[in-house]
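Analysis of the macromolecular model
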Amino acid sequence: MHLLLAVALLTTTGVAAARADDAITPAALGPRVVRLTYEARATPPDGTRVLELWLPLPREEDQAVLALRLDGTAPATVVHLAPSGDRAAYLRVAEPKGTVTLTETATVARREVQAPVAASRAAPADIDAATYAPELASAQGAIRITDEVRAIARRETAGKPTVVAKAHALYDWVYDHMQYDKTVPGWGLGDIPYCLKVGKGNCTDFHTLFIALARASGIPARWNMGFPLAYGDGTAGGPQEVKGYHCWAEFYAPGAGWVPVDISEARKHPELKAYFFGGLSGNRVLFTRARDASLEPAGTGRRLNYFIYPVARADGQDVSSEWTLRYTDEPSAARAVAGTGSAY
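Residues numbered from 1 in each chain as written. Predicted model: local features only at pLDDT ≥ 70, side-chain atom pairs only at ≥ 80, totals over all residues. Heavy atoms only, no water.

1. Notes on helix α3 (residues 163-177)
Counted at 1.5 Å a residue, the expected span for α3 with its 15 residues is 21 Å, and the 21 Å between its end C-alpha atoms agrees. Its buried side turned inward, α3 meets α2 (147-157), α4 (192-198), α5 (203-216), β14 (246-253), β15 (257-261) and α6 (263-268). (Helix = DSSP H or I, 4+ residues; strand = E, 2+ residues; numbered from the N terminus. Expected span 1.5 Å × (residues − 1). Contact = heavy atoms within 4.5 Å.)

2. Examining the layout of surface pockets
Volume-wise, the largest pocket comes out at about 590 Å³. Forming the walls of the largest pocket are 27 residues, and the residues nearest its centre are Ala-82, Pro-83, Ser-84, Ala-290 and Arg-291. For the lining of the largest pocket, the secondary structure elements donating two or more residues are β4 (77-81), α1 (133-136), β12 (221-228) and β18 (291-293). For the lining of the largest pocket, a count of residues per class yields 14 nonpolar, five polar and eight charged. Here the second largest pocket is characterised by a volume of approximately 380 Å³. As for the second largest pocket, its lining consists of 19 residues, and the residues nearest its centre are Tyr-180, Pro-228, Tyr-245, His-246 and Lys-268. (1 Å grid on protein atoms, 1.4 Å probe; cavity = no way out; pocket = protein on both sides within 12 Å on 5 of 7 lines; lining within 4 Å. Points joined across faces, edges and corners; volume = space filled by probe spheres on them. Nonpolar A, V, L, I, M, F, W, Y, C, P; charged D, E, K, R; others polar.)

3. Quick word on the packing of α3 against α5
How two helices sit against one another is set out by the angle between their axes and by the gap between those axes. Contact geometry for α3 and α5: axes closest at 10 Å, N-to-C directions at 145°. Note on packing geometry: the crossing formed by α3 with α5 is right-handed. Each of Ala-167, Leu-170, Tyr-171, Trp-173, Val-174 and His-177 in α3 lies in contact with α5, whose residues at this interface are Phe-206, Leu-209, Phe-210, Leu-213 and Ala-214. Class assignment for the residues of the contact of α3 with α5 results in 10 nonpolar, one polar and no charged. (Axes fitted to C-alpha atoms, helices over the stretch in contact; angles between N-to-C directions. Left-handed = near helix turned anticlockwise from the far one by under 90°.)

4. Re α5
The end-to-end C-alpha separation of α5 is 20 Å, in line with the 20 Å expected for 14 residues at 1.5 Å each. For α5, the tally of buried residues reaches 13 of 14 residues, placing the bulk of the element in the interior. One side-chain oxygen of the residue at the start of α5 lies 3.1 Å from the amide nitrogen of Thr-204, identifying that residue as Asn-202. After α5 finishes, the residue Gly-218 shows a positive phi value of roughly 80°. (Buried < 20%, exposed > 50% of the residue type's maximum accessible area, 1.4 Å probe, protein only. Polar contact = N/O pair within 3.5 Å; in protein donor to acceptor, adjacent residues only side chain to side chain.)

5. Some thoughts on the pattern of salt bridges
For the structure on display, the rule yields 21 salt bridges. In this structure, Glu-322 and Arg-41 form a salt bridge, with 3.7 Å as the shortest nitrogen-oxygen distance. Of the two residues, Glu-322 is situated in strand β22 (residues 322-329) and Arg-41 in strand β1 (residues 32-42); the sequence distance between them amounts to 281 residues. The closest approach of N and O atoms between Lys-200 and Asp-181, which form a salt bridge, is 3.6 Å. (Salt bridge = Lys/Arg side-chain N within 4 Å of Asp/Glu carboxyl O.)

6. Things to note about the sheet that holds β14
Strand order in the open sheet formed by four strands is β15-β14-β12-β17, and the pairing between neighbours is antiparallel. Looking at the sheet topology across the chains shown, the edges are occupied by β15 and β17 (284-288). Pairwise comparison of adjacent strand axes, ignoring direction, gives a mean angle of 40° for this sheet. Summarising the sheet, β12 and β17 pair through four bridges and their orientation is antiparallel. Bridging from a neighbouring strand, Pro-228 pairs with Arg-284 of β17. Set on the sheet, α3 makes contact with β14 and β15; between it and β14 the angle comes to about 150°. Relative to β12, α5 is tilted by about 165°, and along the sheet it contacts β12, β14 and β15. (Pairing = 2+ DSSP bridges.)

In structure tokens form, the structure reads like this:
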């Protein structure tokens, strides 16, 4: 586990004044240190011989896991999921009696990201396609590049010579095409035909569409999934409960590295549209990157569109599970981190 030493200061370029009733200040976009508790519960059917339970664990890109503890009905182990590099707590109970629980308690220090997009003048032809083959794949679970996707990508990036310029054009197009709206059945799957036809959905839909368009343009792009933290400066008192996941995307630009985009969050906060191209607020914890994921080492079994909630199986068959995630800001730790003046 790494020790987070410091976080770069927030630059306010592109951050317009927020609405008075929904003001998001620069301090609310900065680093956070939180202590989170993520609990999974599964009740197996009568007669179950083996109950298995998986619970995703935080990654360590743009954040540091300072402490991690696992508790449950039985001792849990940490498993690594290939090829994504995601981690999960895994628990196996033979002849389970009653509800099985698995809980992770973690302290995570998250930084704010400001990618140096102005430093990149590279074109897609400058990218080594072999190195980024997984992030350029045209058929990866829900991320399927159709002729319609290719046509939109060609049209929107025409005349844009650089990776950053092309990606910005696609960011703008998805922002204009999609509305954050969870009223039309079919949202939340990242189903590209649905996204193109309906133009509504949640973060999964926004960013699956962006990734497909970027890859169709020869730009490596990847998925990030975690949980949101309420906007704030990290001094809020008392535990807060998270009701659902949040996801965002990244594209690769030589000279700038992996550049984050959070289009759905920009849609909810239009005053931050410029900020969320290349900037990423610290009010989140990253857990997984896998799409079309398999939890079994050999890649067998049912594949998951994405992996963020607990997965429970009784004798190899999926069973329902429940979860809660609560966190508390650690303001003294956040102040210590921000005051050191160097990066981790």
